[in-house]
Amino acid sequence: MVDALTWLLAIEVLGLLALPFCFILFSRLPDRGLTLAKPLALVLFSYFLWLAGLTHIAPNTRITVIVILVLAAVAGGFVFRAMAYRILAFIKEEWRTLVVAEVLFLGFFFLWLGITSETPAISGTEKPMDFGFMNAVLQSRFFPPEDPWLAGHSISYYYFGHFMMAFLAKLTAIPSNVSYNLAISLVPALLAIGSFGLMYNLVRLSGGGLKAAIGFGLAAPAMIMLIGNLEGALEFINARGLGGDGFWNWVGIKGLVAGASGSGLLPDDYLWWWRGTRVIDTLADGQSLDYTITEFPAFSFLLGDLHPHVMSLPFVVLGLSVGLNLFRYQGTLGPAWLLGHPLEGLAIALFIGALAFINIWDLPLMAAIFVVLVLVKNYGGGTGDIQRAALNGIAVLVPIISLGVVMFLPFYLTFDGNALGILPLRDVSTRPFLFFLAMGFFALLALSFVLRQLPTLGRPTRADGVLAGLVLAITLAPLVIWAVIVLFLTWADDGVGAAIVDVGGRALWVLPGLAIVAVAAMSAALRLRQGEEVGAAFPLLLVAVAFYLLVGAELFYVNDSFGGAFRRMNTVFKVYYQSWLLLGLAGAYALYYWQSRSRKTGPIDIESGQRRRFSSQLFAGRRAIRLGNWVWAIGVVALVVASGYYSVGAVLDRTGILNQRHTLKDNTLNGLAFVESQDPGEYAAIKWLRDDADFGRIVEAVGGDYSDYGRVSASTGLPTLLGWKGHELQWRGTSAIFSGREEDVAQIYQSGDPEEVRSLLERYQVRYVYLGRRERNDYGGGNLADFGGLLRTAFEQNGVIIYELLD
């Protein structure tokens, strides 16, 4: 608990240091960005440490971190001194909101701290990889950090999220095996307070009062993080033994078969909640033809991987809030704005650039969102001249996005992605029923919002026709491009009839989604043109972007190292994850919009300002509207309950709270406690290498991915010759860079020639040779004890020996 409180104190201090900067940067938002102070602080201060380490201005030490914070405190002090009256007056006026936000942050932090302490082991899935990156940053004196699983090469991955968590670990001096799990608990808390702040701002900008803004602000993190998808409802039905073979074969989700049973209200299957993230597939005789991942935040946080797509969530919300602040600018976003607001432009570039470094998939998303925001803002808030709006937008966006890339250019120079291009999707597509299970709740909320706002939208003018044509062209562009390519390819392969059927069938499936895109985008622009506040326009644009992504995943996929049945696995994974966040935010606003419009009691007589008396026909119409509102509300509640079943059941199953043998005394935040229990010698060796030994490369056994191989290097941050080969192949795009290393490792442990072993160790500049259970099982390693003139025993405990190369 002391470590948790220390960690919490550190992030609170960082937030306080960033508070004056937020007050200036987010000057157009009702909460002045104070709910974003913590993620902003992590990005800003970590960036300075990264720059200092890259340029060798200062080493990666705790002292350097403290110096950065002291300088930030001095700069923030000057800002606070200049604006003290305004800041204190704002806090006095908005203290209720700030208290609610902070309680929300603490609540989510301690909620996930409790869940994480039930399942703290850093093993399985992607945890060892994430742990290795975090440790590599902590071990590095300067940057870029060396790849813990490929000695001699820097990390070829987007690791800034791990970097920020290592920044906190360095500041607090909490061991990485504990700080890893504290980071797992911090991310949902940051997402909670950030999404609350964004929704609070949207409601206040839409004319909502304090209570409404706080209430629907609280709905945003609940919808994003506390509910799962609708597959959970099928788990309940299946666990009750309902449905026959025909029904479950039609459902087509692996593992859901007739005759299943559960204990009480939950399924008995091991890790049954995993199926909710593998919903979209096409099965043939039980085999996948279109294996995809449909993960969502509730699953991610429960699983406990500190992976880029998870860590980026609060920082995407930070980017969206920066966009909302920009969207509220009173004037045209063009060269004059850029010259008049250089610090804001620099901040936008920093946040966009940082997102790519945290999760490369979010760079095109955030860039696209800013493009849409700026163009719609310039058109709707300006003269209505499309050409001028576009030119001004280009003058702002090109420098900012380019600067965002330049600010993180060293990352791009060491990053070898495995994306080979974008290809049209053929042969498979998502079944509507499976799409409904994965995204149905949010999609229906978004659709209801788009339709509900139409009656309050003013009629477009003739001048808006050009905009409508442009929106329609952009909306249909991916479908037209896909159709042309697929029509040609299918015609060549299977004939004109098959080509028409394939293209026509896919078009019928995606056109409703594209219609939502067009209506939502056009509505947002018209609302700005008609002088409305941005409150409704902004979530409409989020809906447009989200459906554009979802439709895009039905037409194209990123061609990467996964092929065959897994060809669009990553595309669906990342696109659906991003869409979940965007639609979760838009869905929370949709709840507010429906509630606020449902309270209207009738039309207003413009001349008298008095409400008209209802005629019998009007009364009947109002009864129908009220009935429709009740039906909508009941449907929303039913879908929330159906979606919430997954989260509650998954937490109970994952933590084992309902297990009769469950006890809190075993709870810990030590992610390597299982190693201490199973192999005390290895645990002691890891601690010695990490905390006491001088930095140096190591040799350990090479084995398969998603196993305990590579554990020593991942747990210490000391680079080994070769870790998880499959991951290195994905990151590098080729195995040539580590070809022969596995055989060299075997020779080090098995050769009887000390000169050969010396030659290999010196070639890779190895300092330590680790000899533990895996090494003995795979290689023997008895030869190492005979090399007294080459190696010395630097550590020995419980059967684990670490040899150090003699000079």
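The rules behind these values
- Residues numbered from 1 in each chain as written.
- Predicted model: local features only at pLDDT ≥ 70, side-chain atom pairs only at ≥ 80, totals over all residues.
- Heavy atoms only, no water.
- Helix = DSSP H or I, 4+ residues; strand = E, 2+ residues; numbered from the N terminus.
- Rg over C-alpha atoms; globule rule 2.2 N^0.38 Å.
- Buried < 20%, exposed > 50% of the residue type's maximum accessible area, 1.4 Å probe, protein only.
- Contact = heavy atoms within 4.5 Å.
- Areas by Shrake-Rupley, 256 points an atom, 1.4 Å probe, with all protein chains shown as cover.
- Lys, Arg positive; Asp, Glu negative; His and termini not counted.
- Charge placed at Lys NZ, Arg CZ, Asp CG, Glu CD.
- Patch = residues over 30% accessible without salt bridge, like charges linked within 9 Å, V, L, I, M, F, W, Y side chains within 5 Å.
- Salt bridge = Lys/Arg side-chain N within 4 Å of Asp/Glu carboxyl O.
- Phe/Tyr/Trp six-rings, centres within 6.5 Å; stacked < 30°, edge-to-face > 60°.
- Lys NZ or Arg CZ within 6 Å of the ring centre and 35° of its normal.
- Pairing = 2+ DSSP bridges.
- Axes fitted to C-alpha atoms, helices over the stretch in contact; angles between N-to-C directions.
- 1 Å grid on protein atoms, 1.4 Å probe; cavity = no way out; pocket = protein on both sides within 12 Å on 5 of 7 lines; lining within 4 Å.
- Points joined across faces, edges and corners; volume = space filled by probe spheres on them.
- Left-handed = near helix turned anticlockwise from the far one by under 90°.
- Nonpolar A, V, L, I, M, F, W, Y, C, P; charged D, E, K, R; others polar.

Draft legend 1. Representation of the overall build of the protein. Within the protein, the regular secondary structure consists of 31 helices and 10 strands. For 807 residues, the compact-globule formula gives about 28 Å, and the C-alpha radius of gyration of the protein, at 28 Å, lands near that figure. Across its three principal directions, the C-alpha atoms of the protein cover 100 × 70 × 60 Å. In the protein, buried positions account for 57% of the 807 residues. At a minimum sequence separation of 6, the contacts of the protein that also span at least 24 residues come to 76%. With an accessible surface of roughly 32,300 Å², the protein has 63% of that area assigned to carbon and sulfur atoms. Positive and negative charge centroids in the protein, built from 57 and 61 side chains respectively, lie 15 Å apart.

Draft legend 2. Broad picture of a nonpolar patch on the surface. Together, Phe436, Leu444, Leu447, Leu451, Leu454 and Val519 make up a nonpolar patch on the protein surface, roughly 450 Å² of accessible area in all. It is helix α19 (residues 432-453) that contributes the most residues to the nonpolar patch, four residues altogether. Given a relative accessible area of 31%, Leu447 falls into the partly exposed group.

Draft legend 3. Structural context of the packing of aromatic side chains. Inspection of every chain in the model, using the stated rule, returns 54 aromatic pairs. When the centroid spacing of 6.4 Å and the interplanar angle of 35° are considered together, the rings of Phe247 and Trp250 count as tilted. One end of the pair is Phe247 and the other is Trp250, both in helix α10 (residues 245-251) and three residues apart, which spans about a single turn. The ring of Phe23 is capped by Arg32, whose NZ or CZ atom sits 3.7 Å from the centre of that ring. The lysine or arginine in question, Arg452, covers the ring of Trp594, its NZ or CZ lying 5.2 Å from the ring centre.

Draft legend 4. Just the pattern of salt bridges, in detail. By the definition in use, this model includes 24 salt bridges. Where Arg773 meets Asp679, a salt bridge forms, and the shortest distance between an N and an O atom there is 3.8 Å. In this pair, Arg773 is assigned in helix α31 (residues 773-778) and Asp679 in the loop between α25 (673-678) and α26 (680-692), connecting sequence segments 94 residues apart. Residue classification places Arg773 among the partly exposed positions, given a relative accessible area of 38%. Among the residues examined, Asp679 registers a relative accessible area of 13% and is labelled buried. By sharing partners, the salt bridges in this structure join Asp679, Glu682, Asp708, Arg711, Arg773 and Arg774 into a single network.

Draft legend 5. Focus on the pairing of strand β10 (residues 800-805). Within β10, six of the six residues are buried, leaving the element largely enclosed by the surrounding structure. Residues Val800, Ile802 and Glu804 line one face of β10 and the alternating positions Ile801, Tyr803 and Leu805 line the opposite face, and both faces are buried. The sheet contact formed by strand β8 (residues 766-771) and β10 spans four bridges and is antiparallel. What sits directly across from Leu771, in β10, is Ile801. As paired strands, strand β9 (residues 791-797) and β10 are joined by six bridges and run antiparallel to one another. Residue pairing for β10: Phe795 is matched across the bridge by Ile802. Following β9, the chain reverses through two residues before pairing antiparallel with β10; Asn798 in that reversal takes a positive phi of roughly 50°.

Draft legend 6. A look at the sheet that holds β9. Pairing in this open sheet of four strands is mixed, and the strands run β7-β8-β10-β9 from one edge to the other. A strand with exactly one partner marks an edge of an open sheet, and here the two such strands are β7 (697-699) and β9. Across the sheet, the mean angle separating the axes of adjacent strands is 25° when strand polarity is ignored. This element, α26, spans β8, β9 and β10 of the sheet and lies at about 125° to β9.

Draft legend 7. Inspection of the layout of surface pockets at higher detail. Estimated volume of the second largest pocket: approximately 730 Å³. Looking at the second largest pocket, it is lined by 27 residues, and the ones nearest its centre are Phe21, Leu44, Leu343, Leu346 and Ala347. At the level of elements, α1 (2-25), α2 (37-54), α3 (62-93) and α15 (342-358) are the ones that each hand at least two residues to the lining of the second largest pocket.

Draft legend 8. View of the environment of Val769. Assignment of secondary structure puts Val769 in strand β8. Its relative accessible area of 1% is what places Val769 among the buried residues. Residues Val769 and Val203 lie 566 residues apart in sequence; the distance between their C-alpha atoms is 60 Å. With near-sequence residues (within four places) excluded, Val769 lies in contact with Val699, Ile748, Tyr749, Leu761, Leu784, Leu791, Ile801, Ile802 and Tyr803.

Draft legend 9. Region of the structure containing the packing of α1 against helix α4 (residues 95-118). It is at 12 Å that the axes of α1 and α4 come closest, and there the two elements cross at 145°. Taken as a pair, α1 and α4 cross one another with a handedness that is right-handed. Each of Ala4, Leu5, Trp7, Leu8, Ile11 and Glu12 in α1 lies in contact with α4, whose residues at this interface are Glu102, Phe105, Leu106, Phe109, Phe110 and Leu113. When grouped by side-chain class, the residues that make up the contact of α1 with α4 number 10 nonpolar, no polar and two charged.

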